[in-house]
Amino acid sequence: MKHSLALLLASLALAASAQAQTVATDAWVRATVPGQTATGLFVQLTSPTKARLVGGRSPVAASVEVHEMSVQDGVMRMRAVPTLELPAGQPVMLKPGSYHVMLMGLKGTVKAGDTVPVTLTVERDGAAPETLQLQAPVRTLAPTPGHAH
């Protein structure tokens, strides 16, 4: 009996350590000018299993929302979306002019060279929400692909 219990506990520990973790890479926040009350966070997210980005929080903003940019009738529009699907094993790029995370109600100017802490929340069916702790550098422009910063 003790042997079976030990095997079960070892199996559970192994399963817990192998639990899916979403990976965030190349995170950055766009710099603001004085009086600007919102800015964007851009990042690549890769989840090993099907998941969805549902929002987040940051000490520099009153709210953090997932947004989508689209062009309708020649006009660029931005709107909040409740979730952003993260297909299993496929990188999802949140970038200017597309899906991104908005930091709204900024508590001050976000300057190039600063670092902004942001916590993103990812959900999976049947699992507790996952939080991603980011320290996103602030930049004036998007980084050039293949160029190290």
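Shown above is the structure to which this text applies.
Rules behind the numbers
Residues numbered from 1 in each chain as written. Predicted model: local features only at pLDDT ≥ 70, side-chain atom pairs only at ≥ 80, totals over all residues. Heavy atoms only, no water. Salt bridge = Lys/Arg side-chain N within 4 Å of Asp/Glu carboxyl O. Helix = DSSP H or I, 4+ residues; strand = E, 2+ residues; numbered from the N terminus. Buried < 20%, exposed > 50% of the residue type's maximum accessible area, 1.4 Å probe, protein only. Pairing = 2+ DSSP bridges. Phe/Tyr/Trp six-rings, centres within 6.5 Å; stacked < 30°, edge-to-face > 60°. Contact = heavy atoms within 4.5 Å.

A. Representation of the pattern of salt bridges. One pass over the full model with this rule turns up 4 salt bridges. A salt bridge links Glu 68 to Arg 79, with the nearest nitrogen and oxygen atoms 2.9 Å apart. Note that Glu 68 is positioned in strand β4 (residues 61-72) and Arg 79 in strand β5 (residues 75-80), a separation of 11 residues in sequence. Overall, Glu 68 belongs to the buried group, its relative accessible area being 17%.

B. Representation of the pairing of strand β3 (residues 51-57) within the structure. Alignment of β3 against strand β6 (residues 84-86), held across 3 bridges, turns out to be antiparallel. Counterpart to Ala 51 in the pairing with β6 is Leu 86. When β3 meets strand β9 (residues 115-123), the two strands line up antiparallel, connected through 5 bridges. Bridge pairing in β9 links Gly 55 to Thr 121.

C. Spatial organisation of the packing of aromatic side chains. One pass over the structure, following the stated rule, counts 1 aromatic pair. Note on Trp 28 and Phe 42: the rings are 4.7 Å apart at their centroids and 35° apart in plane angle, and the pair reads as tilted. In this pair, Trp 28 is assigned in strand β1 (residues 23-30) and Phe 42 in strand β2 (residues 38-46), connecting sequence segments 14 residues apart. Relative accessible area serves as the criterion here: at 4%, Phe 42 is assigned to the buried category.

D. Expanded view of the environment of Arg 30. Of note, Arg 30 is situated in strand β1. Residues Arg 30 and Pro 137, spaced 107 residues apart in sequence, show a C-alpha to C-alpha distance of 8.7 Å. If we ignore the near neighbours within four places in the chain, the residues touching Arg 30 are Thr 39, Gly 40, Phe 42, Pro 96, Val 138, Arg 139 and Thr 140.

Honestly, that's just the spatial picture; any functional story needs more than this.
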